[in-house]
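If you want the building blocks of each chain, they are given just below.
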Amino acid sequence: MSYLAKNYNRKNIAFKYGKGSYLYATNGKKYLDFVSGIAVNSLGHSHPKLINALKKQSKKIWHISNAFQIPEGEKLAKKLCKKTFADYVIFQNSGAEATEAAIKVARRYFYSIGKPHKYEILCVKNSFHGRTIAAIFASGSKKMTEGFGPKLPGFTTFVFGDHKALKKKINKKTAAIMVEPIMGEGGIKEIPVWCLQELRKLCNKKKILLILDEVQCGISRSGDFFAFEKSKIKPDIVPIAKGIGGGFPIGAVLMNKKVASGMIPGTHGSTFGGNPLAMVVGNAVMDVVSSKRFLKNVKTLSKYFLSSLNNLKDKYPKIIKEIRGRGLLIGIQLKKDQTKFIEKLMDNGLLTIRAGENVIRILPPLNVKKKELDLALKIINQVCKKFN
Ligand SMILES: *Cc1c(COP(=O)(O)O)cnc(C)c1O
């Protein structure tokens, strides 16, 4: 029997070790890992640069309180700011903590300028921002909030794409709009460029903040360092996590100078956030995934993979409804429930994960090889044939 609580629906499989895009299971089988810990293992498993960074630091200092200077964190924060819109960073340990911190930064900003009545955060219904009390009420999903007490005030939702409702819900209390540029859990749904641009204009006009949750779609996953970059806009606050640690738990909230002004000493903190072990790994990931050449390769692989998947869609119109996504954040939307399909892919050696709207989410490591994409395509084709 298992002494772990039953809050996960785990598959009956465990792994001995991983190398690159592959996982080696205790059952003796080898799997192509296109889950990547849900967009976490951005450089696959056992990447030598990450192992070295962790090994070296583990012999020096594991943990230091944020009461002291942490040079490794200074270094990563500088890289993140030089690469993006941001002026300041606060490190956390997970995505939900990063979105929580984003909400706190937005509210604290309005408090600090004498507008404490502005605290409401406007979000997309059934989006995903994590599992803390604030984050579940931000998403407004019945499934996630049911049984967890009274509805937390300060959050309002609108339906994805319902621009009228969005505008109607902005009022005197509104502090920020928080959206995922590409909805991950919700089914790989992308906010179009023009729409992000309109969102920015709307926030400017209403003097509210724009929070873009890049926890899943960020850190080069989309083929750009941040998914919103294509729109050329600048958000005010961006929570990140998943991909930046390459498997080491790291979260962070990035912000501009204006909103950072509210975060004076004592307003936020985290015991573990930004500890040296995490920071050296984050620096190593950042150095690899943020280079122009790396991003160009993600785009090239993506173009090939997406067009091949679209060919499969044309070949199996009864099974595949739509191919979604950008970069290596990809969804195959089926016409029916995807559970059995995902199981069959796994039986054939390909690990994928579900998302909303009957979508099979495919998240290869960002350094995946073309021949590994080809193997995945072969397996997907085989399973399509079986279900056809
Ligand atoms: C995964 C995710 C989160 C939450 O991250 P955790 O590390 O699981 O807390 C928040 N926002 C988005 C968009 C995510 O995909």
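As the structure is a computational prediction, the values presented were derived from the model and not from experiment.

Student: Would you mind going over the overall build of the protein chain with me for this structure?
Tutor: Helix and strand counts for the protein chain stand at 13 helices and 17 strands. Its C-alpha atoms give the protein chain a radius of gyration of 21 Å, within 12% of the compact-globule value 21 Å for 388 residues. Dimensions of the protein chain, computed from C-alpha atoms along their principal axes, come out at roughly 60 × 55 × 50 Å. Scored against the burial criterion, the 388 residues of the protein chain give a buried share of 55%. For the protein chain, contacts bridging at least 24 residues in sequence account for 71% of all contacts bridging at least 6. Working note: accessible area of the protein chain is about 19,000 Å², and carbon and sulfur atoms make up 56% of it.

Student: Even after reading the chapter, I still don't get the layout of surface pockets, so can you show me in this structure?
Tutor: Taking a probe equal in size to a water molecule and rolling it over the atoms shows the remaining empty space. Of the voids in this model, the second largest pocket is the one considered here, and its volume is about 750 Å³. If you go around the second largest pocket, you meet 27 residues; those closest to its centre are N66, E74, V89, I90 and F91. For the lining of the second largest pocket, the elements supplying multiple residues, two or more each, are α3 (71-83) and β4 (88-92). With five residues, α3 is the single largest residue contributor to the lining of the second largest pocket. In terms of residue class, the lining of the second largest pocket is made up of 14 nonpolar, ten polar and three charged.

Student: Looking at this model, I keep getting lost on the site of the ligand. Mind explaining?
Tutor: Close to the ligand lie S94, G95, A96, F128, H129, G130, E180, D213, V215, Q216 and K242. Expressed as a share of its isolated accessible area of 380 Å², the protein-covered part of the ligand is 82%. Its residues assigned to classes, the shell around the ligand shows three nonpolar, five polar and three charged.

Student: Is there a simple way to explain the pairing of strand β7 (residues 174-179) in this structure?
Tutor: As a general feature of sheets, a regular strand has side chains that alternate between the two faces. Most of β7 is tucked away: six of the six residues are buried. In the sheet, strand β5 (residues 120-124) pairs with β7 via four bridges, with the strands oriented parallel. From the neighbouring strand, L122 faces β7, where its bridge partner is I177. One ladder, built from four bridges, connects β7 with strand β10 (residues 209-212); its direction is parallel. Following the sheet pairing, A176 is matched in β10 by L209.

Student: Any chance you could explain the sheet that holds strand β3 (residues 30-33) here in plain terms?
Tutor: Whenever strands of a sheet pair, they do so through backbone hydrogen bonds, lying parallel or antiparallel. Sheet architecture is open: four strands sit in the order β1-β2-β3-β15, paired in mixed fashion. Taken across any chain shown, the strands that pair with only one partner, and hence form the sheet edges, are β1 (15-19) and β15 (350-351). In this sheet, β3 lies alongside strand β2 (residues 22-25) in antiparallel orientation, the contact comprising three bridges. When the sheet's bridge partners are listed, L23 is paired in β3 with Y31.

Student: Please explain the nonpolar core as it appears in this structure.
Tutor: Burial of nonpolar side chains together is a common tendency in soluble globular proteins. Membership of the largest hydrophobic core comes to 82 residues, with the highest contact counts inside it found for L80, I177 and L254. Two domains share this core, each providing at least three of its residues, namely domain 1 (15-46 + 292-387) and domain 2 (49-289). Setting aside residues no more than four positions away along its own chain, I177 makes contact with L122, L166, I170, L199, L202, C203, I208, L209, L210 and I211.

Student: Sorry, what's going on with the packing of helix α2 (residues 48-58) against helix α10 (residues 276-289) here?
Tutor: When two helices pack together, their arrangement is given by the angle between their axes and by how far apart the axes lie. Contact pair α2 / α10: the axes reach a minimum separation of 9 Å and the direction vectors enclose 155 degrees. The pairing of α2 with α10 is recorded here as roughly antiparallel in orientation. Considering only the axes of α2 and α10, their crossing is right-handed. Across the interface between the two elements, K49, L50, A53, L54, Q57 and S58 from α2 touch P276, L277, V280, V281, A284, V285 and V288 from α10. Tallied by class, residues from the contact of α2 with α10 come to ten nonpolar, two polar and one charged.

Student: Looking at this structure, I do not really get the pattern of salt bridges. What am I missing?
Tutor: When their charged atoms lie close together, side chains carrying opposite charge are able to pair. Using the criterion set out here, one finds 15 salt bridges in the structure. For the salt bridge of K79 with D287, the shortest nitrogen-to-oxygen distance reads 3.0 Å. With a gap of 208 residues between them, K79 in helix α3 and D287 in helix α10 connect regions that are remote in the sequence. Since its relative accessible area comes to 47%, D287 is described here as partly exposed.

Student: Would you mind showing me how to read the environment of S127 here?
Tutor: Within the secondary structure layout, S127 lies in the loop between β5 and α5 (133-139). Taking C-alpha positions, S127 is 6.7 Å from M183, a pair spaced 56 residues apart along the chain. Excluding its chain neighbours within four sequence positions, the residues that come into contact with S127 are S139, M144, E180 and M183. A polar atom in the side chain of S127 sits 3.2 Å from the side chain of H129.

Student: I would appreciate a short explanation of the sheet that holds strand β16 (residues 353-355) in the present structure.
Tutor: Across the sheet, four strands lie side by side as β13-β14-β17-β16; this open sheet has antiparallel pairing. Strands at the two margins of the open sheet, each flanked by one partner only, are β13 (320-326) and β16. Taking the axes of each pair of neighbouring strands and ignoring which way they run, one obtains an average angle of 30 degrees across the sheet. Here β13 pairs with strand β14 (residues 329-334) via six bridges, running antiparallel. What sits directly across from E322, in β14, is Q333.

Student: For this particular structure, what's the right way to read the packing of aromatic side chains?
Tutor: How two aromatic rings sit relative to each other is given by the distance of their centres and the angle of their planes. Counted by the stated rule, this structure contains eight aromatic pairs. An aromatic cluster is present here, built from F85, F225, F226 and F228 joined pairwise through their rings. In this structure, K30 packs its charged tip against the face of Y22, placed 4.3 Å from the ring centre. When the ring centre of F160 is taken as origin, the NZ or CZ atom of K189, which lies over that ring, is 4.7 Å away.

Rules used in this analysis
- Residues numbered from 1 in each chain as written.
- Predicted model: local features only at pLDDT ≥ 70, side-chain atom pairs only at ≥ 80, totals over all residues.
- Heavy atoms only, no water.
- Helix = DSSP H or I, 4+ residues; strand = E, 2+ residues; numbered from the N terminus.
- Rg over C-alpha atoms; globule rule 2.2 N^0.38 Å.
- Buried < 20%, exposed > 50% of the residue type's maximum accessible area, 1.4 Å probe, protein only.
- Contact = heavy atoms within 4.5 Å.
- Areas by Shrake-Rupley, 256 points an atom, 1.4 Å probe, with all protein chains shown as cover.
- 1 Å grid on protein atoms, 1.4 Å probe; cavity = no way out; pocket = protein on both sides within 12 Å on 5 of 7 lines; lining within 4 Å.
- Points joined across faces, edges and corners; volume = space filled by probe spheres on them.
- Nonpolar A, V, L, I, M, F, W, Y, C, P; charged D, E, K, R; others polar.
- Near = heavy atom within 4 Å.
- Pairing = 2+ DSSP bridges.
- Core = buried A, V, L, I, M, F, W, Y, C linked by side-chain atoms within 4.5 Å.
- Domains from an automatic or database assignment.
- Axes fitted to C-alpha atoms, helices over the stretch in contact; angles between N-to-C directions.
- Parallel < 35°, antiparallel > 145°, perpendicular 65-115°, else oblique.
- Left-handed = near helix turned anticlockwise from the far one by under 90°.
- Salt bridge = Lys/Arg side-chain N within 4 Å of Asp/Glu carboxyl O.
- Polar contact = N/O pair within 3.5 Å; in protein donor to acceptor, adjacent residues only side chain to side chain.
- Phe/Tyr/Trp six-rings, centres within 6.5 Å; stacked < 30°, edge-to-face > 60°.
- Lys NZ or Arg CZ within 6 Å of the ring centre and 35° of its normal.

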